[in-house]
Amino acid sequence: MKPVIAELEQRRANARLGGGQKRIDAQHARGKLTARERIDLLMDEGSFEEFDMYVEHRCTEFGMEKSKISGDGVVTGWGTINGRVVYVFAKDFTVFGGSLSETHARKITKIQDMALKNRAPIVGLFDAGGARIQEGVDALGGYGEVFQRNVMSSGVIPQISVIMGPCAGGDVYSPAMTDFIFMVRDTSYMFVTGPDVVKTVTNETVTAEELGGAKVHTSKSSVADRAYDNDVEALLQMRRLMDFLPSNNTDGVPVLPTMDLADRVETSLDTLIPDNPNTPYDMHELIGKVVDEGDFYEIQDAFAKNILTGFARMEGHTIGIVANQPMVLAGVLDSDASRKAARFVRFCDCFDIPIVTFVDVPGFLPGTAQEYGGLIKHGAKLLFAYAEATVPKVTVITRKAYGGAYDVMSSKHIRGDVNYAWPTAEIAVMGAKGAVEIIYRSELGEPEKIAGRIKDYETRFANPFVAAERGYIDEVILPRMTRKRICRALNMLRNKTLENPWKKHDNIPL
Ligand code: HXC
């Protein structure tokens, strides 16, 4: 072997060892993979090309000039996921705890710039101790450069963050500005300030897990979109997710081959809705029976479970699904559900993903907790998101569509393209009992009379035909034909062109 080639191999081998075998062993002992092992699992075999492997920091404070490690705590490059180009950076916890220095930040921003210029998604794998403490303001400046690029890329290319270890201080805000955050249970946590600072400032005693573990962020704060049991599962699920996503905001959705027939009839859907309008049923069952091969990638599955959001395919084309879930709080819209669905609708609209909405909603949740918590503003987010969306919008009302929630859930009035209802749909200002108790208040002491009034109200309004007579519903369809009708509608809408008036940007009620 020529000496220069041997030297290259030696340098590569050194760089690949990161912070050394001892730290790699410690990483494994905690149930975590190393940065390069993670990238190998995420990318197609042999497709990853690493950049800036030999970059070192330039810090001379605190004796840092004596400890330099090739790569400087982050592995960056590009490769493919199921054949499509994806850029990636993975924090290497074995090198200075994955902390961010000026040069470390430069490696990330180089990849961010390339991803944006070449219009391909970027995935960040986080496992780090925040700003490189020895560097001070250079590290802060580095974070700022990363943040700015996150914002410029937002809505142009998908940006995905996976938290696979500590993610604290300056490290949290870059993921927070990406499209989705995923976490690994038990080994990852995210917080702005850690337990020690919390204790000093607020006198609260809290563990890292209680403060910012996967459970907290997927079910309470909604900062994270999903959690997985370990590194391997998380990375394999990222490969699955990427298959649903377009590469950028102009390419259109990927199309995967499917064996599922577009005109598949699902007779069991005819009996999905229980006889009693107050008995719940599982909206997952409807989604599973309608979409290609029952494959539904749910986003925020542990938060605001009264609404479901996620990706699926119809005839191989990606769609976004939003559906009220009657199993939880009767599918009511509250602040959390509205925020969750609004963000999802806006993601779909950014990336040209058609939205299919299944509606069974008794209205907005009443109460002081909701009103004090800003239900008006949060509900408006969802209304705004649907109303501004220009992607194809297909809506199916399965049962209740009451009050303002009827308008919000992708109704005809906010540019729903095709609006179907099942024969079991009830489209009204509110449920019959509530309505009668208001308009016949003087008769409340006479139960028989009230029962008659309720029956009368139900007969007149608890059906889809009043709305259909006005053209607010395009067609009342047989439940069993739902898949076929949605596939046809989406096909018909494939060349939809609709533009909102020019503006710098809108002013969604944040
Ligand atoms: C430099 C760091 C580091 C950092 C960890 N290391 N964090 N080096 N800067 N921020 C180094 C450690 O010295 C150690 O080096 C190795 O990484 C592993 O760290 P350990 O502490 O041994 O690991 P562990 O016990 O697992 O604890 C991990 C940790 C802890 C919880 C992340 O290291 C920690 O609390 N780090 C500091 C976190 C922090 O306060 N960051 C600054 C946030 S302020 P050796 O050589 O021993 O292996 C911030 C402001 C930016 O980010 C704001 C921008 C907007």
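This write-up is about the structure you can find in this document. (Residues numbered from 1 in each chain as written. Predicted model: local features only at pLDDT ≥ 70, side-chain atom pairs only at ≥ 80, totals over all residues. Heavy atoms only, no water.)

**Description of the overall build of the protein**
Going by this rule: Helix numbers and strand numbers start at the N terminus; a helix is a DSSP run of H or I with at least 4 residues, a strand a run of E with at least 2. Two things to know: the radius of gyration comes from C-alpha atoms, and the globule rule equals 2.2 Å times the number of residues to the power 0.38. Contacts were defined at the residue level, with two residues in contact if any of their heavy atoms lie within 4.5 Å. Only the protein chains shown count as covering a residue, and every accessible area follows the Shrake-Rupley method with a 1.4 Å probe. Charge counting follows a simple rule: Lys and Arg are positive, Asp and Glu are negative, and His as well as the terminal groups are ignored. A charge is said to be at NZ when it belongs to Lys, at CZ for Arg, at CG for Asp and at CD for Glu.
Assigned secondary structure in the protein consists of 19 helices and 16 strands. Computed over its C-alpha atoms, the radius of gyration of the protein comes to 26 Å, within 12% of the 24 Å expected for a compact globule of 510 residues. Its C-alpha atoms give the protein principal-axis dimensions of about 95 × 55 × 45 Å. A separation threshold of at least 6 residues defines the contact pool for the protein, and within that pool the share at least 24 residues apart is 73%. Carbon and sulfur atoms make up 55% of the accessible area of the protein, which totals about 23,200 Å². Separation between the mean location of the 60 positive side-chain charges and that of the 68 negative ones in the protein comes to 2 Å.

**So, the site of the ligand**
We count it as follows: Consider each residue's heavy atoms; a residue with any of them within 4 Å of a molecule or strand counts as near. Side-chain atoms alone can form a polar contact between residues adjacent in sequence; in general such a contact is a pair of N or O atoms within 3.5 Å, and within protein one must be able to donate a hydrogen while the other accepts it.
Inspection of the region around the ligand gives 18 residues, with Arg23, Arg30, Gly129, Ala131 and Gly170 positioned closest. A distance of 2.7 Å separates a nitrogen atom of the ligand from a polar atom in the backbone of Gly129. When the free accessible area of the ligand is taken as 1,000 Å², the share hidden by the protein chains comes to 53%. It is helix H5 (residues 137-153) that contributes the most residues to the shell around the ligand, three residues altogether.

**A few points about the side chain of Asn150**
Just so we agree on the cut-off: Whether a residue is buried, partly exposed or exposed follows from its accessible area with a 1.4 Å probe, protein chains only, as a fraction of its type maximum: under 20%, in between, or over 50%, in that order.
As for its position among the elements, Asn150 is in helix H5. The class of Asn150 is buried, set by a relative accessible area of 2%. Contacts of Asn150, omitting those with residues within four sequence positions, involve Gln112, Gln159, Ser174, Met177 and Thr178.

**A closer look at the nonpolar core**
Heads up, the condition is: As used in this record, nonpolar core signifies buried Ala, Val, Leu, Ile, Met, Phe, Trp, Tyr and Cys residues forming a set joined through side-chain atoms within 4.5 Å.
By size, the foremost hydrophobic cluster in this structure holds 64 residues, and its most contacted members are Phe182 and Phe311. Looking at which element gives the most residues to this core, the answer is helix H12 (residues 335-350), with seven residues. Ranked by size, the runner-up nonpolar core spans 29 residues in total, among them Leu272, Ile287, Val394 and Leu490.

**What to know about the packing of H12 against helix H14 (residues 375-388)**
Convention followed: Axes here refer to lines fitted to C-alpha atoms; in helices the fit is confined to the stretch in contact. Angles between the N-to-C directions go from 0 to 180 degrees. Roughly parallel means an angle under 35 degrees; roughly antiparallel, over 145; roughly perpendicular, 65 to 115; everything else is oblique. For any pair of crossing helices, the crossing counts as left-handed if the nearer helix is rotated counterclockwise from the farther one by less than a right angle, and right-handed if it is rotated clockwise. In the scheme used here, Gly and all other residues not listed as nonpolar or charged are polar, with Ala, Val, Leu, Ile, Met, Phe, Trp, Tyr, Cys and Pro taken as nonpolar and Asp, Glu, Lys and Arg as charged.
Contact pair H12 / H14: the axes reach a minimum separation of 8 Å and the direction vectors enclose 25°. Of the possible angle classes, the one that applies to H12 and H14 is roughly parallel. Once H12 is placed against H14, the crossing between them reads as left-handed. Judged by residue contacts, Ser335, Ser338, Arg339, Ala341, Ala342, Val345, Arg346 and Asp349 of H12 engage Leu375, His378, Gly379, Lys381, Leu382, Ala385, Tyr386 and Glu388 from H14. Class assignment of the residues belonging to the contact of H12 with H14 gives a composition of seven nonpolar, four polar and five charged.

**Comments concerning the side chain of Glu443**
Residue position: Glu443 is located in the loop between helix H16 (432-439) and helix H17 (447-461). Leaving out residues up to four positions away in the same chain, Glu443 has contacts with Lys449, Ile450 and Arg453.

**Some words on the pattern of salt bridges**
Rules: The term salt bridge refers to a pairing of a side-chain nitrogen on Lys or Arg with a carboxyl oxygen on Asp or Glu at a separation within 4 Å.
Applying the stated criterion across every chain, the model contains 33 salt bridges. Where Arg226 meets Asp301, a salt bridge forms, and the shortest distance between an N and an O atom there is 3.7 Å. One end of the pair, Arg226, is in strand S8 (residues 226-228); the other, Asp301, is in the loop between strand S9 (297-299) and strand S10 (307-314), and 75 residues separate them in sequence. A residue is classified by how much of its surface remains accessible, and Asp301, at 29% relative accessible area, is partly exposed. Between Arg264 and Asp260 there is a salt bridge, and its shortest N-O distance comes to 2.6 Å.

**With respect to a nonpolar patch on the surface**
Applicable threshold: Residues form patches when they are more than 30% accessible in relative terms and have no salt bridge. Like charges link within 9 Å. Nonpolar side chains (Val, Leu, Ile, Met, Phe, Trp, Tyr) link within 5 Å.
Together, Met1, Val4 and Ile5 give the surface a local cluster of nonpolar side chains, amounting to about 360 Å² of exposed area. Among the secondary structure elements, Ile5 is positioned in helix H1 (residues 3-16). Note on Ile5: relative accessible area 40%, which makes it partly exposed.

**Digging into H16**
The criterion, for reference: Working note: the arc is built from the helix axis to C-beta atom directions.
Listed as buried for H16 are Ala432, Ala435 and Val436. Projection of H16 onto a plane perpendicular to its axis shows the buried side chains occupying an angular sector of 95°, all on one side.

**Looking at the environment of Cys59**
With respect to the helices, strands and loops of the structure, Cys59 is situated in the loop between strand S1 (49-51) and strand S2 (74-81). The class of Cys59 is buried, set by a relative accessible area of 6%. Note: C-alpha distance between Cys59 and Gln134 (75 residues apart in sequence) is 7.6 Å. Excluding residues that lie within four positions of it along the chain, Cys59 makes contacts with Met64, Glu65, Gln134 and Glu135.

**Overview of the packing of H16 against H17**
Remark: H16 packs on H17, axes separated minimally by 9 Å, with the N-to-C direction vectors making an angle of 125°. Judged by the angle between their axes, H16 and H17 are oblique. In this structure, the crossing between H16 and H17 has a hand that is right-handed. Of the residues in H17, those touching H16 at Ala432, Lys433, Ala435, Val436 and Ile439 are Ile450, Arg453, Ile454, Tyr457 and Glu458.

**Points about the pairing of strand S12 (residues 355-361)**
Taking burial as the measure, the seven residues of S12 include seven buried ones, the bulk of the element. Going residue by residue along S12, you find Ile355, Thr357, Val359 and Val361 tucked away on one face and Val356, Phe358 and Asp360 tucked away on the opposite face as well.

**Quick notes on unusual backbone geometry**
In this model, Asn203 sits at a positive phi of 65°, which is unusual for a non-glycine residue. Looking at the element boundaries, Asn203 is found in the loop between helix H7 (195-202) and helix H8 (208-212). Even without a glycine there, the phi angle at Ser222 is positive, about 65°. Residue position: Ser222 is located in the loop between helix H9 (214-220) and S8.

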